[in-house]
There are 2 protein chains.
Amino acid sequence: MQQRLAAAGLRATHQRILILESLLVLPGHPTAEQVHRQVMANTPTVSLGTVYKTLDSFVEVGLTKRVASADAQCRRYDSDCSEHHHLYCTDTKEIIDYCNPQLDALIRDFFAKQGLENFQPHSFSLHIAGTRVS
Amino acid sequence: MQQRLAAAGLRATHQRILILESLLVLPGHPTAEQVHRQVMANTPTVSLGTVYKTLDSFVEVGLTKRVASADAQCRRYDSDCSEHHHLYCTDTKEIIDYCNPQLDALIRDFFAKQGLENFQPHSFSLHIAGTRVS
DNA sequence: CTTTTGTGGAGAATCATTCTTACCTGTGAC
DNA sequence: GTCACAGGTAAGAATGATTCTCCACAAAAG
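As the structure is a prediction and not an experimental result, all values here were calculated from the model.

Procedures and definitions
Residues numbered from 1 in each chain as written. Chains lettered and ligands numbered in written order. Predicted model: local features only at pLDDT ≥ 70, side-chain atom pairs only at ≥ 80, totals over all residues. Heavy atoms only, no water. Least-squares fit on C-alpha atoms with pLDDT ≥ 70 in both. Pairing = 2+ DSSP bridges. Helix = DSSP H or I, 4+ residues; strand = E, 2+ residues; numbered from the N terminus. Domains from an automatic or database assignment. Contact = heavy atoms within 4.5 Å. Buried area = accessible area lost by both parts, 1.4 Å probe. Near = heavy atom within 4 Å. Polar contact = N/O pair within 3.5 Å; in protein donor to acceptor, adjacent residues only side chain to side chain. Nonpolar A, V, L, I, M, F, W, Y, C, P; charged D, E, K, R; others polar. 1 Å grid on protein atoms, 1.4 Å probe; cavity = no way out; pocket = protein on both sides within 12 Å on 5 of 7 lines; lining within 4 Å. Points joined across faces, edges and corners; volume = space filled by probe spheres on them. Phe/Tyr/Trp six-rings, centres within 6.5 Å; stacked < 30°, edge-to-face > 60°. Buried < 20%, exposed > 50% of the residue type's maximum accessible area, 1.4 Å probe, protein only.

**Student:** Can you walk me through the relation of the copies chain A and chain B in this structure?
**Tutor:** Overlaying chain A on chain B yields an RMSD of 0.1 Å, the required transformation being a rotation through 179 degrees with an accompanying axial translation of 0.0 Å. Within this description, the copies of the chain are treated as partners about a two-fold rotation axis. By C-alpha distance to the rotation axis, the residue of chain A lying nearest is L126(A), at 2.2 Å.

Take a look at the structure:
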């Protein structure tokens, strides 16, 4: 944990370690609020403001990402920084991570061949809306 | 305009017509605030609360969509309800609509063949992050 | 015409997020 | 060790977007 922070150029303070750990432990795409609750379970003196600021600095240095959400009234963070896609269940509003290297390759190839006018793509993320079936 | 509202099952009031027109006129993905300003230019008596409520009801009946945005501090609406993708410029934070039927077909085929476990996809939207080049 | 229902305006209330301020802690210079 | 400093943190105020409440009004139904 300390190494990851150091590698990112952040001082490995107690709070940052806790917040990073909490983020990794929490499933899915937690909000700042949820991270704060998780942190509080361990150390009840960390303030919500610190969680916000720390998460933002994590995003800045690439330790975490913000996930886009159309209806969210609040921001969500994703500790998985590798490229991946999202399944969005329109019933439960759940967002599920989805990883598929074949799909990545397909998309990458498509844009390598076709190209985009006036735009240099760096990363792709497919948002798949639908419903869960049992 | 009236027909579109009626078809969606909404009473075609003066305010709704105005808001729908404003939404169509505004380029890109306006915020409720921007729609309100546009509406005010024409009829300065429409309240911001009405714009919010009306936009939400438009989303409910499918007259408009919310666009997902990772860093947005506020919601944005998209009057273009056809399937399309988004180019996101990491420099200017601009979101540009991008439409490509070939790409749609490619993705559709991929999932038609492969399928997803426990998930029935309805629509796809690709988020392409990168930078604009002149 | 009267009743019923849906709609809109104004502003208060709420919620997430950011900012401000003052305090604290670890670090390096001496 | 001690001093000064820089960065980090807590607490709460401030902000900004969104939602809610409440009342008035207008349109449709009977």
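**Student:** Teacher, can you tell me more about the pairing of strand 5 (residues 119-132) of chain B here?
**Tutor:** Along a regular strand, successive side chains alternate from one face of the sheet to the other. Where strand 5 (residues 119-132) of chain A lies against strand 5 of chain B, 13 bridges are found, and the strand directions are antiparallel. Among the inter-strand pairings, F124(A) is bridged to a residue of strand 5 of chain B, identified as I128(B). Bridging between strand 3 (residues 85-89) of chain B and strand 5 of chain B involves four bridges; their strand directions are parallel. When the sheet's bridge partners are listed, H86(B) is paired in strand 5 of chain B with H127(B).

**Student:** What am I meant to see in the domain arrangement of chain A here?
**Tutor:** Bring the parts together and some accessible area is lost; that lost area is often taken as the interface size. Residues and elements named next belong to chain A. For chain A, the assigned domains are domain 1 (2-78) and domain 2 (85-130). Look at where the C-alpha atoms of domain 1 and domain 2 centre, and you get two points 25 Å apart. Taken together, the contacts link five residues of domain 1 with five residues of domain 2. Counting each side, the surface lost to burial between domain 1 and domain 2 is near 420 Å², with a carbon and sulfur contribution of 48%.

**Student:** Would you take a moment to explain the side chain of S69(A) for this structure?
**Tutor:** When you line up the elements, S69(A) lands in the loop between strand 1 (65-67) and strand 2 (76-78). If sequence neighbours within four positions are ignored, S69(A) has contacts with I95(A), A68(B) and S69(B).

**Student:** Would you take a moment to explain the protein's contact with DNA strand C for this structure?
**Tutor:** Around DNA strand C, the surrounding shell holds 14 residues, and the nearest of these are Y52(A), R75(A), T13(B), Q15(B) and T50(B). One of the side-chain N or O atoms of D56(A) is found 3.3 Å from a phosphate oxygen in DNA strand C. Between R75(A) and DNA strand C, the recorded distance is 2.6 Å, taken from a backbone N or O atom to a phosphate oxygen. Counting only elements with at least two residues in the surface near DNA strand C, the list comes to helix 4 (48-61) of chain A together with helix 2 (14-25) and helix 4 (48-61) of chain B. Per-class residue counts for the surface near DNA strand C are three nonpolar, six polar and five charged.

**Student:** Sorry if this is basic, but what is going on with the protein's contact with DNA strand D here?
**Tutor:** Inspection of the region around DNA strand D gives 14 residues, with T13(A), T50(A), K53(A), Y52(B) and R75(B) positioned closest. Sugar and phosphate atoms represent 85% of those atoms of DNA strand D found within 4 Å of the protein. A distance of 2.4 Å is found between a phosphate oxygen of DNA strand D and a side-chain nitrogen or oxygen belonging to T50(A). Between a phosphate oxygen of DNA strand D and a main-chain N or O atom of R75(B), the distance comes to 2.5 Å.

**Student:** So what exactly am I meant to see when it comes to the layout of surface pockets here?
**Tutor:** Empty space left among the atoms is revealed by rolling a probe the size of a water molecule over them. The volume enclosed by the largest pocket comes to roughly 1,400 Å³. Along the wall of the largest pocket there are 44 residues; nearest its centre are A68(A), S69(A), H127(A), A68(B) and H127(B). Listing elements by their share of the lining of the largest pocket, those giving two or more residues are strand 1, strand 3 (85-89) and strand 5 of chain A together with strand 1 (65-67), strand 3 and strand 5 of chain B. The biggest single contributor to the lining of the largest pocket is strand 5 of chain A, with six residues.

**Student:** Explain the packing of aromatic side chains to me, please; I cannot follow it from the model alone.
**Tutor:** Any pair of aromatic rings gets described here by the distance separating the centres and the angle formed by the planes. Counted by the stated rule, this structure contains six aromatic pairs over all chains. Here F111(A) and Y98(B) contribute two aromatic rings whose centre-to-centre distance is 6.2 Å and whose plane-to-plane angle is 45 degrees, an arrangement assigned as tilted. Taken as a pair, F111(A) in helix 5 (residues 101-114) and Y98(B) in strand 4 (residues 95-98) lie in two separate chains rather than in one. Across the pair, Y98(B) and F111(A) agree in class, each one buried. Counting every residue linked through ring pairs, the aromatic cluster contains Y98(A), F110(B), F111(B) and F124(B).

**Student:** Just to check I follow, could you spell out the environment of T90(B) for this structure?
**Tutor:** Residues and elements named next belong to chain B. Following the sequence through the fold, T90 ends up in the loop between strand 3 and strand 4. Taking C-alpha positions, T90 is 5.9 Å from G130, a pair spaced 40 residues apart along the chain. Once you skip the residues sitting within four places of it in the chain, T90 turns out to touch A129, G130 and T131.

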